[in-house]
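Each chain is listed here by its residues.
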Amino acid sequence: QSGTISKAILLISTKHGNTISYIPIYITIHNQNFMKQVQETDSHIGPYLNLYQVHSATFDSGILTNTQVHEALHKCRVEKGWKLGLSMSGPNQDEIIREALKINVGDEHSTT
């Protein structure tokens with residue numbers, strides 16, 4: 001029965017996947033894809049979502065320096081109550097985590 005399960009009972013998570021592109025407009029494509037995925041996620045499972053993750057963060061993906069995506073993630077957390085996270089890939093995952101923990105939007109750290 002739709003709408004009868006409490007967020008306190010069930011943990012639902014989803015992730016934003018990277019759009020792979022090796023052309024100079026990568027960041028634009030990444031932003032457009034991100035916003036599309038947020039809208040789709042919100043329309044399908046938004047009220048039940050507990051955790052929204054960025055999948056496979058790397059230095060090359062641009063996610064750690066993309067302030068537009070950081071602002072959008074922060075907005076999702078504030079307006080929708082979604083917790084935020086990320087997964088890493090590649091050989092320097094410890095460095096990625098340390099860099100992600102430095103990200104601030106407003107007065108808050110945006111990573112969990």
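Structure's up top.
Residues numbered from 1 in each chain as written. Predicted model: local features only at pLDDT ≥ 70, side-chain atom pairs only at ≥ 80, totals over all residues. Heavy atoms only, no water.

Outline the overall build of the chain, listing residues and values.
Secondary structure summary: the chain contains three helices and five strands in total. Along its sequence from the N terminus, the chain presents helices and strands in the succession β-α-β-α-β-α-β-β. Taking all 112 residues of the chain together, the buried fraction comes to 36%. Here the contacts in the chain between residues at least 6 apart in sequence split such that 71% fall between residues at least 24 apart. Per element, the accessible surface of the chain, about 7000 Å² overall, is 55% carbon and sulfur. (Helix = DSSP H or I, 4+ residues; strand = E, 2+ residues; numbered from the N terminus. Buried < 20%, exposed > 50% of the residue type's maximum accessible area, 1.4 Å probe, protein only. Contact = heavy atoms within 4.5 Å. Areas by Shrake-Rupley, 256 points an atom, 1.4 Å probe, with all protein chains shown as cover.)

Describe the environment of Gln93, listing the residues and the values that go with them.
Tracing the backbone shows Gln93 in helix α3 (residues 93-100). In this structure, the C-alpha to C-alpha distance between Gln93 and Ser56, residues 37 residues apart in sequence, is 9.8 Å.

Requested: an account of the pattern of salt bridges, with residues and values cited.
Counted according to the given criterion, the structure contains four salt bridges. Notably, a salt bridge pairs Asp42 with Lys80, separated by 2.9 Å at the nearest N-O pair. Separated by 38 residues along the polypeptide, Asp42 in helix α1 (residues 26-45) and Lys80 in helix α2 (residues 67-80) bring together distant segments of the chain. Between Glu99 and Lys102 there is a salt bridge, with its nearest N and O atoms 3.5 Å apart. Of the residues examined, Glu99 reaches a relative accessible area of 32% and is grouped as partly exposed. (Salt bridge = Lys/Arg side-chain N within 4 Å of Asp/Glu carboxyl O.)

Go over the nonpolar core, please, and point to the residues and values.
Counting 17 residues, the largest nonpolar core has Phe34, Val38, Tyr52, Ile63, Leu64, Leu73 and Trp82 as its most contacted members. Looking at this core, the elements that each hand over two or more residues are α1, β2 (51-57), α2 and α3. The greatest single-element share of this core, amounting to four residues, is contributed by α2. Ignoring sequence-local partners within four residues, the contact set of Val38 consists of Tyr52, Cys76 and Trp82. (Core = buried A, V, L, I, M, F, W, Y, C linked by side-chain atoms within 4.5 Å.)

Describe the packing of aromatic side chains, with residues and values.
All told, the structure shown has one aromatic pair when counted by the stated rule. Relative to Trp82, the ring of Tyr52 has its centre 5.4 Å away and its plane inclined at 20°; by these criteria the two rings are stacked. Placement of Tyr52 in strand β2 and of Trp82 in the loop between α2 and β3 (83-88) is noted, with a sequence separation of 30 residues between them. Both residues of the pair, Tyr52 and Trp82, count as buried. If you follow Lys80 out to its NZ or CZ, it ends over the ring of Trp82, 5.8 Å from the centre. (Phe/Tyr/Trp six-rings, centres within 6.5 Å; stacked < 30°, edge-to-face > 60°. Lys NZ or Arg CZ within 6 Å of the ring centre and 35° of its normal.)

Go over the pairing of β2, please, and point to the residues and values.
By the bridge criterion, five bridges tie β2 to β3 in an arrangement that is parallel. The residue of β3 that forms the bridge with Gln53 is Gly85. In this region the chain leaves β2, passes through α2 and returns to the parallel neighbour β3; the handedness of that crossover is right-handed. (Pairing = 2+ DSSP bridges. Right-handed = clockwise from strand over helix to strand, strands pointing away.)

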